[in-house]
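# Analysis of the macromolecular model
One letter stands for each residue in the lines below.
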Amino acid sequence: MGEVLSRRLAAVPEGGRRRRAARRSVHVGAGAPPDHRRRLLAVLAVVGLLFAIVASKVIDLQVLNPDRHLAWGVAQRFDTTVLAADRGAILDRNGAELAVSRPTRSVFVDPELIEEPAVAASAVAPLLGLDVDEVTAEMAGEGRFAYLARKVSADVADRIAALGLAGVAFLDESERYLPAGDSARSLLGQVDVDNQGISGLEAQFGDVLTGTPGEIRYERTPEGQTIAVGERDVVPAVPGDDLMLTLDRSIQFEAERLLAEQVAAVDAQGGIAIVSRPETGEILAMANVVRDPDSDEVVIGTNNAALTTQYEPGSVMKPVTIGAALEDGHVEPGSELYLPSTLPIYDYEIQEAEPRGPVTWDVSQILADSSNVGTVKIGQMLGPDRLHGALRSFGLAEPTELGFPNEAPGALPDPSDWSGTSLATIAIGQGVAVSPLQMLLAYNVIANDGRYVAPSLVAATVDGDGVERPSAPPTPRQVITPETAAELNVMMRSVVETGTGQLAAIPGYEVAGKTGTAWKLQDGGGYEDELGVRQYQSTFIGFVPAQQPALSVYVMIDEPSGSRYTGGATAAPVFSKLGSFALRRLGIAPPATDSANGGAVVDGGVGPAAAPGVEAVGEVGEDGRVRALPAGTPVAPPSTVPHGAQAEE
């Protein structure tokens, strides 16, 4: 056997023996094969990577972002509902509510809970005044929530609730409510369906009126049900601040009533009235009415035209022109001027409202009889630059400081752009555009010893704790001297005593004012409408008592019809009635002395406490503001102008 094996080994080549020996050494040697070592290293790398991932996750959870992950866990256990904040109220100067928020309900559906959408829709749609097919589509839609109607009436909500329909539910909301109805609605403005101000004071003071929402957080089950004994956190909503206006609700209502009555009587298209206190700039009433094109009824307007529109004012501009000439020393009240029957100006001819022959009138009579020729001659003494500067200094064609949305700025061309007739027309109030409030503020300069006082509509804000924060009073600026203002004051009294404004008289008081009857600029340009007829905007502005002005009143009637269309015939009577009411409402007695005449005693004058026929229904506080006494105090009826008084311009 050994010999045989030896012979076989001898027959194997040397190289073959070495390879076999090498293979035997692999099985017998101490080291592992190379491919097994690589696998081992790969496994170790994977284990290390997994360990690093787990370690980083632990560090993230325990060290870097523990709060975030805790919040995720809380979110799974808690739900949060936003608590809407009530919008602040808008009040008049005496605390009477003009706009408030009240609870209401909105109707929504959960489509997943409605088994027969068509049947449910046929019951709900008629109550909401909606199309059945549209409601059916909402009820059969996807998702868990869809509004059917926002802020429905209590009666409608109750009738829908009585149906007992699964999937039809209600959301508690709030809506804006005007306790005084439409009164002052154009000034107050509107809010949208989400209670965000979109016009008027609601928009301008939205940041003040809008409150801070709160929230309620409650614990729930995984199925979404509230845990009755679970944790609950409430952050109360903070209501918005109240806005206390300078308006007096009673005077506002009376202004609207008298305007509507007169607009209907003279078949006009609308009217504007403003009542203010010259000394403080406070607006007591700002009213406008319009004729509804569909019903032809006269209604309270939705556009606050006293601030958002501008017009060519006409002859009510004349006191400003004459006042500037008095201030510069060009004329005095008794200065006489020769007035031809007409006055050629380039290619135009200035005429009087009432034809007359040549006359010689003093400045007082020029104003009292509203002479166009006389005022133009006085304007020529001023020249373009001075007349332009005077109108600007009186606040005309300049935005007021109210900041009211869409306030009209007015329009007064620079003298370098004036034509040959511009000075003449601007001097008498044509070719220049102003807002009604700008025009009243110019008269307040005369009533207020020559000082311009910016207007104010907001007296104060009141927070949720009842703390009142008064608005900063305006800073007056001197426009003309007190002496010039006093001269104009006395001259303007003659307009009511013997001139074009006799229907503005208030028995027991002396009134200073001016009439104006201006051509109305048409949309297409020019002063004639599509029928070739001129329309008018007729104005009366004045202050009372003239001796110590406490109130100023602006009245404009838009497009009065018939032969009695002048400011003296249409606007002046409203001034008389409205001024009379406001005087009695605020308890302003006839004065005992005349400040415009150096403090002279008024003929037949009596002290405020002894004023005959005046029932005090107001009082002046330490801040100088007039506040009405509690409701129910007797108010004397407005006086009327004696029968037979005439006024034309």
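Quick look at the structure, then. (Residues numbered from 1 in each chain as written. Predicted model: local features only at pLDDT ≥ 70, side-chain atom pairs only at ≥ 80, totals over all residues. Heavy atoms only, no water.)

## Things to note about the nonpolar core
If you look at the biggest cluster of nonpolar residues, it comprises 83 residues, and the most contacted ones within it are Leu245, Ile274, Leu391, Phe394, Leu396, Met439 and Tyr554. For this core, the leading source of residues is helix 18 (residues 436–447), giving nine residues. Setting aside its immediate chain neighbours within four residues, tyrosine 554 contacts Ile272, Ala273, Ile274, Tyr311, Pro436, Met439, Leu440, Thr539, Phe540 and Ile541. By size, the runner-up hydrophobic cluster in this structure holds 36 residues, among which are Val275, Leu503, Ile506 and Ala571. (Core = buried A, V, L, I, M, F, W, Y, C linked by side-chain atoms within 4.5 Å. Buried < 20%, exposed > 50% of the residue type's maximum accessible area, 1.4 Å probe, protein only. Helix = DSSP H or I, 4+ residues; strand = E, 2+ residues; numbered from the N terminus. Contact = heavy atoms within 4.5 Å.)

## A word on the packing of helix 13 (residues 318–328) against helix 19 (residues 482–497)
Interaxial distance between helix 13 and helix 19 falls to 10 Å at its minimum, and their mutual angle equals 135 degrees. Between helix 13 and helix 19, the angle falls in the class oblique. In this structure, the crossing between helix 13 and helix 19 has a hand that is right-handed. Within the contact between the two elements, helix 13 uses Pro319, Ile322, Gly323, Leu326 and Glu327 and helix 19 uses Thr484, Glu487, Leu488, Met491 and Met492. Of the residues contributing to the contact of helix 13 with helix 19, the split by class is six nonpolar, two polar and two charged. (Axes fitted to C-alpha atoms, helices over the stretch in contact; angles between N-to-C directions. Parallel < 35°, antiparallel > 145°, perpendicular 65-115°, else oblique. Left-handed = near helix turned anticlockwise from the far one by under 90°. Nonpolar A, V, L, I, M, F, W, Y, C, P; charged D, E, K, R; others polar.)

## Some details on helix 5 (residues 117–128)
For helix 5, built from twelve residues, the straight-helix expectation of 16 Å at 1.5 Å per residue is met to within 8% by its first-to-last C-alpha distance of 16 Å. Tucked into the core, helix 5 has its buried residues touching strand 3 (97–109), helix 6 (132–139), strand 4 (146–152) and helix 7 (154–161). Backbone geometry just downstream of helix 5 places glycine 129 in the positive-phi region, at approximately 70 degrees. (Expected span 1.5 Å × (residues − 1).)

## A look at the sheet that holds strand 11 (residues 298–300)
Reading across from one edge, 11-10-9-22-21-20 is the order of the six strands in this open sheet, with antiparallel pairing throughout. Edge positions in the sheet fall to strand 11 and strand 20 (512–519), since each of these pairs with one other strand and no more. On average, each strand axis in the sheet is tilted by 15 degrees relative to the strand beside it, whichever way the strands run. Pairing of strand 20 with strand 21 (residues 536–544) involves eight bridges; the strand directions are antiparallel. (Pairing = 2+ DSSP bridges.)

## Some details on the packing of helix 13 against helix 15 (residues 372–382)
For the pair helix 13 and helix 15, the least separation of the axes is 9 Å and the interaxial angle reads 45 degrees. Taken together, helix 13 and helix 15 sit at an angle that is classed as oblique. Where helix 13 crosses over helix 15, the handedness of that crossing is left-handed. Each of Lys318, Thr321, Ile322, Ala324, Ala325 and Asp328 in helix 13 lies in contact with helix 15, whose residues at this interface are Asn372, Thr375, Ile378, Gly379 and Leu382. Its residues assigned to classes, the contact of helix 13 with helix 15 shows five nonpolar, four polar and two charged.

## Let's talk about the layout of surface pockets
Here the largest pocket defines a volume of roughly 730 Å³. Those elements that provide at least two residues to the lining of the largest pocket are strand 14 (348–350) and strand 20. Of the residues belonging to the lining of the largest pocket, the class tally is nine nonpolar, twelve polar and eight charged. (1 Å grid on protein atoms, 1.4 Å probe; cavity = no way out; pocket = protein on both sides within 12 Å on 5 of 7 lines; lining within 4 Å. Points joined across faces, edges and corners; volume = space filled by probe spheres on them.)

## As for the environment of glycine 181
Examined against the element boundaries, glycine 181 turns out to sit in the loop between strand 5 (168–177) and helix 8 (185–188). Taking C-alpha positions, glycine 181 is 8.5 Å from leucine 98, a pair spaced 83 residues apart along the chain.

## What about helix 7?
Residues that lie three or four places apart on an α-helix share one face, since the helix turns once every 3.6 residues. Where helix 7 is concerned, the buried positions are Val156, Ala157 and Ile160. Across the axial projection of helix 7, the buried residues extend over an arc of 100 degrees, all falling on one side. (Arc of directions from axis to C-beta.)

## What to know about the pairing of strand 10 (residues 282–291)
Counting buried positions over the ten residues of strand 10 gives nine, a clear majority of the element. Two elements, strand 9 (residues 270–277) and strand 10, share eight bridges in a ladder whose sense is antiparallel. Residue alanine 273 lies in a different strand from strand 10, and its bridge partner there is alanine 287. Linking strand 9 back to strand 10 in an antiparallel pair, the connection comprises four residues, with glycine 281 at a positive phi of about 80 degrees. Connecting the antiparallel pair strand 10 and strand 11 is a turn made up of six residues, with aspartate 296 showing a positive phi of about 65 degrees.

## Digging into a negative patch on the surface
On the surface, Asp131, Asp133, Glu134 and Glu138 cluster together into a negatively charged patch. With respect to the helices and strands, the residue aspartate 133 is situated in helix 6. Using a relative accessible area of 60% as the deciding quantity, one classes aspartate 133 as exposed. (Patch = residues over 30% accessible without salt bridge, like charges linked within 9 Å, V, L, I, M, F, W, Y side chains within 5 Å. Areas by Shrake-Rupley, 256 points an atom, 1.4 Å probe, with all protein chains shown as cover. Salt bridge = Lys/Arg side-chain N within 4 Å of Asp/Glu carboxyl O. Lys, Arg positive; Asp, Glu negative; His and termini not counted. Charge placed at Lys NZ, Arg CZ, Asp CG, Glu CD.)

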